[in-house]
Amino acid sequence: MKKILGVLLGAALVIVLLTPSAQAWRSVRTGQKNFERAWSAFLFKRSDKATEYFGKAADAFGLALAENPPSRTTMFPSNLTMAGISAYYAGRYDQAINALDKAIYKDDTIWEAFLYTALSHARQGDKAKTVEYLERYLKSNPSQPILSNVVQKQLTDLQTDSGPLDGVAPALEEAAFRQFDNNVTFKGRNTSNDAGQCNGTFWWRNSKAPCSQGRIISN
């Protein structure tokens, strides 16, 4: 009887210990799936649906990040980047900055992290931070010519007081869309960079959706 009771207590303890981790995993997966839906809608210019799904993704990633401490899966750079992009397009700029700062800490080569942090600061009216992160975006050598040309122009305008801060975000959002759309059209799954393919961790750079067994996951 005592042996059985010990086994039961041990199993209960394992369940208790694993529950927060399982909850964080579910939150991350919910965030990922809603980001996938949002990204597809975004590239198809279905703005209302994109905003709705980005909001759901931001909610889910927010729950995962609220864990103390966040799980290892939550803190993957790609998940943090998705969390930040989702929060940005949901209009939650502080949440976006928080997630993207964590992504940059993990990997300071993620150009989207610098871009969307700059955009978040621009939306908040912080010129100095906008300039700082636009500079860091360019220093990351992102190989995104359409976007980078506009970033350089907006940065120069800010540095020379030739353009208003409130014009930066709309210009860069439009350029980012054109860049992603161009990448999907002309790169897609033909790139030799695994991280840029639809089955890579940063699949959104060149694809409308991630792959599943060599095929695009249906939304």
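Residues numbered from 1 in each chain as written. Predicted model: local features only at pLDDT ≥ 70, side-chain atom pairs only at ≥ 80, totals over all residues. Heavy atoms only, no water.

Trainee: So what exactly am I meant to see when it comes to the overall build of the chain here?
Mentor: Counting secondary structure elements, the chain contains eight helices and two strands. Starting at the N terminus and walking to the C terminus, you meet the elements of the chain as α-α-α-α-α-α-α-α-β-β. Taking all 219 residues of the chain together, 46% fall into the buried category. A sequence separation of at least 24 residues applies to 59% of the contacts in the chain between residues at least 6 apart. (Helix = DSSP H or I, 4+ residues; strand = E, 2+ residues; numbered from the N terminus. Buried < 20%, exposed > 50% of the residue type's maximum accessible area, 1.4 Å probe, protein only. Contact = heavy atoms within 4.5 Å.)

Trainee: Quick question: what am I supposed to make of the environment of N206 here?
Mentor: Checked against the element boundaries, N206 lands in the loop between α8 (168-186) and β1 (211-212). Residue N206 is classed as buried on the basis of its relative accessible area of 7%. Along the sequence, N206 and V184 sit 22 residues apart, while their C-alpha atoms lie 4.6 Å from each other.

Trainee: Is there a simple way to think about the packing of helix α2 (residues 47-65) against helix α3 (residues 77-89) in this case?
Mentor: Relative orientation and spacing of two packed helices are given, respectively, by the angle between their axes and the distance between those axes. The interhelical angle for the contact between α2 and α3, taken along N-to-C directions, is 130 degrees, at an axis separation of 8 Å. Considering their axes alone, α2 and α3 lie oblique with respect to each other. As α2 packs across α3, the resulting crossing turns out to be left-handed. From α2, T51, F54, A57, A58, F61 and L65 reach across to α3, where they touch N79, L80, M82, A83, I85, S86, A87 and Y89. Of the residues belonging to the contact of α2 with α3, the class tally is 11 nonpolar, three polar and no charged. (Axes fitted to C-alpha atoms, helices over the stretch in contact; angles between N-to-C directions. Parallel < 35°, antiparallel > 145°, perpendicular 65-115°, else oblique. Left-handed = near helix turned anticlockwise from the far one by under 90°. Nonpolar A, V, L, I, M, F, W, Y, C, P; charged D, E, K, R; others polar.)

Trainee: Help me understand the layout of surface pockets in this model?
Mentor: Leftover empty space is mapped by rolling, across the atoms, a probe with the size of a water molecule. Roughly 240 Å³ of volume is contained in the largest pocket. Lining of the largest pocket is provided by A41, F42, K45, R46, S47, A50, T51, F54, Y89, E173, E174 and F177. When residues of the lining of the largest pocket are traced back to their parent elements, those giving at least two are α1 (2-43), α2 and α8. Considered class by class, the residues forming the lining of the largest pocket number six nonpolar, two polar and four charged. The calculated volume of the second largest pocket comes to roughly 210 Å³. The wall of the second largest pocket is formed by 13 residues, among which Q32, M82, G200, T201 and W203 lie closest to the centre. Those elements that place two or more of their residues in the lining of the second largest pocket are α1 and α3. In the lining of the second largest pocket, the residues fall into six nonpolar, five polar and two charged. (1 Å grid on protein atoms, 1.4 Å probe; cavity = no way out; pocket = protein on both sides within 12 Å on 5 of 7 lines; lining within 4 Å. Points joined across faces, edges and corners; volume = space filled by probe spheres on them.)

Trainee: So what exactly am I meant to see when it comes to the pattern of salt bridges here?
Mentor: If charged atoms from side chains of opposite charge come close, those side chains can pair. Summed over all chains, the structure comprises 12 salt bridges. One salt bridge connects E52 with K49, and the closest N-O pair in it is separated by 3.4 Å. Of the two residues, E52 and K49 are both situated in helix α2; the distance of three residues between them amounts to about one turn of the helix. On the basis of relative accessibility, which here comes to 34%, the residue E52 falls in the partly exposed class. In this structure K49 comes out as partly exposed when scored by relative accessible area, which is 38%. The partner of D157 in a salt bridge is K153, with the nearest N and O atoms 2.8 Å apart. With a gap of four residues between them, D157 and K153 both fall in helix α7 (residues 145-159), about one helical turn apart. (Salt bridge = Lys/Arg side-chain N within 4 Å of Asp/Glu carboxyl O.)

Trainee: I'm lost on α2 in this one. Help?
Mentor: With 19 residues, α2 should reach 27 Å at 1.5 Å per residue; the first-to-last C-alpha distance of 26 Å fits that figure. For α2, the complete set of buried residues consists of A50, Y53, F54, G55, A57, A58, A60, F61, A64 and L65. (Expected span 1.5 Å × (residues − 1).)

Trainee: Is there a simple way to explain the state of the cysteines in this structure?
Mentor: Formally, a disulfide is one covalent bond, and it connects the sulfur atom of one cysteine to the sulfur atom of another. Tallied over the full model, the rule gives one disulfide. Disulfide pairing is shown between C198 and C211; the S-S distance is 1.6 Å. Taking the torsion about the S-S bond as the criterion, the C198 to C211 disulfide, at about -55 degrees, is left-handed. With C198 in the loop between α8 and β1 and C211 in strand β1, the pair connects residues that are 13 residues apart, well separated along the chain. There is no split in this pair, since C198 and C211 are both buried. (Disulfide = S-S within 2.5 Å.)

Trainee: I would appreciate a short explanation of the packing of aromatic side chains in the present structure.
Mentor: We describe a pair of aromatic rings using the distance from one ring centre to the other and the angle between the two ring planes. Scanning all chains against the criterion turns up 18 aromatic pairs. Consider the rings of F42 and Y89, whose centres lie 5.2 Å apart with planes at 45 degrees: the pair is tilted. Of this pair, F42 sits in helix α1 while Y89 sits in helix α3, placing them 47 residues apart in sequence. Both residues of the pair, F42 and Y89, count as buried. Summarising the aromatic geometry, the rings of W203 and W204 are spaced 5.9 Å apart at their centres and angled 85 degrees between planes, so their arrangement reads as edge-to-face. Neither residue differs from the other here; W203 and W204 are each classed as buried. One Lys or Arg, R205, reaches over the ring of F202 and ends 4.4 Å from the middle of that ring. For the cation-ring pair, K208 lies above F44, with the distance from its terminal atom to the ring centre recorded as 5.1 Å. (Phe/Tyr/Trp six-rings, centres within 6.5 Å; stacked < 30°, edge-to-face > 60°. Lys NZ or Arg CZ within 6 Å of the ring centre and 35° of its normal.)

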